[in-house]
Amino acid sequence: VQLQASGGGLVQPGGSLRLSCAASGSIGWMNIMGWYCQAPGKQREWLAGINSSGTTNSADSVKGQFTIFRDNAKNTVYLQMNSLKPEDTAVYYCDYIDTSGTNYYHYWGQGTLVTVSS
């Protein structure tokens, strides 16, 4: 499975961005896709996840600010980010976990940089 993340860039504080992550290859019929971020000098942090049935979960720190959703027909997961703050500046990574079988397989996208600055 390959993941291609896009949508990062420079945005002013208070602005919005929508990140996309398209999965290709052997897509399992059951899977979980999610988003993480890694700010400079910090560990990678989980933000939100969504399974192939559309059930979502998100970190308390982003509830009400970030929304995860997906388009199964396009094997794409999105992260809508609103009210962005300078502290949201980070590289954002998507991941994919194939939960179709007994063994789970975990893949990472390449990351897309989000810079929140005036």
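Being a predicted model, the structure only gives us computed values, none of them experimental.

Visitor: What is the right way to look at the packing of aromatic side chains in this model?
Guide: Aromatic ring pairs: the centre-centre distance and the angle between the two ring planes describe each pair. According to the stated counting rule, one finds four aromatic pairs in the structure shown. Between Y36 and W108, the aromatic rings sit 4.8 Å apart at their centres with planes inclined by 65°, giving edge-to-face as the arrangement. Separated by 72 residues along the polypeptide, Y36 in strand β4 (residues 31-38) and W108 in strand β10 (residues 105-108) bring together distant segments of the chain. On the accessibility criterion, W108 (36% relative accessible area) is partly exposed. Directly above the aromatic system of Y93 lies the positively charged group of R44, at a separation of 3.7 Å from the ring centroid.

Visitor: Is there a simple way to explain the pairing of strand β9 (residues 90-98) in this structure?
Guide: Side chains on a regular strand alternate between the two faces of the sheet. In terms of residue burial, β9 counts as a mostly covered element, since seven of its nine residues are buried. Direction of pairing for β4 relative to β9: antiparallel, over a ladder of eight bridges. Residue pairing for β9: Q38 is matched across the bridge by V91. Direction of pairing for β9 relative to strand β11 (residues 112-116): antiparallel, over a ladder of three bridges. Residue pairing across strands places A90 opposite V114, the latter belonging to β11. In this sheet, β10 lies alongside β9 in antiparallel orientation, the contact comprising four bridges. Pairing of D98 across the sheet is with Y105, part of β10. The turn joining β9 and β10, which pair antiparallel and follow one another in sequence, is formed by six residues.

Visitor: So what exactly am I meant to see when it comes to the state of the cysteines here?
Guide: Think of a disulfide as a covalent bridge from one cysteine sulfur atom to another cysteine sulfur atom. Scanning the entire structure with this criterion turns up one disulfide. In this model, C21 is linked to C94 through a disulfide, with the two sulfur atoms separated by 2.0 Å. One quick way to see it: the torsion about the S-S bond of C21 and C94 is about 60°, and its sign makes the bridge right-handed. With C21 in strand β3 (residues 17-24) and C94 in strand β9, this pair connects stretches of sequence that are 73 residues apart. The class of C21 is buried, set by a relative accessible area of 0%. Residue classification places C94 among the buried residues on the basis of a relative accessible area of 0%.

Procedures and definitions
- Residues numbered from 1 in each chain as written.
- Predicted model: local features only at pLDDT ≥ 70, side-chain atom pairs only at ≥ 80, totals over all residues.
- Heavy atoms only, no water.
- Phe/Tyr/Trp six-rings, centres within 6.5 Å; stacked < 30°, edge-to-face > 60°.
- Helix = DSSP H or I, 4+ residues; strand = E, 2+ residues; numbered from the N terminus.
- Buried < 20%, exposed > 50% of the residue type's maximum accessible area, 1.4 Å probe, protein only.
- Lys NZ or Arg CZ within 6 Å of the ring centre and 35° of its normal.
- Pairing = 2+ DSSP bridges.
- Disulfide = S-S within 2.5 Å.

So, to be careful, I would describe these as geometric facts and stop short of saying anything about function.
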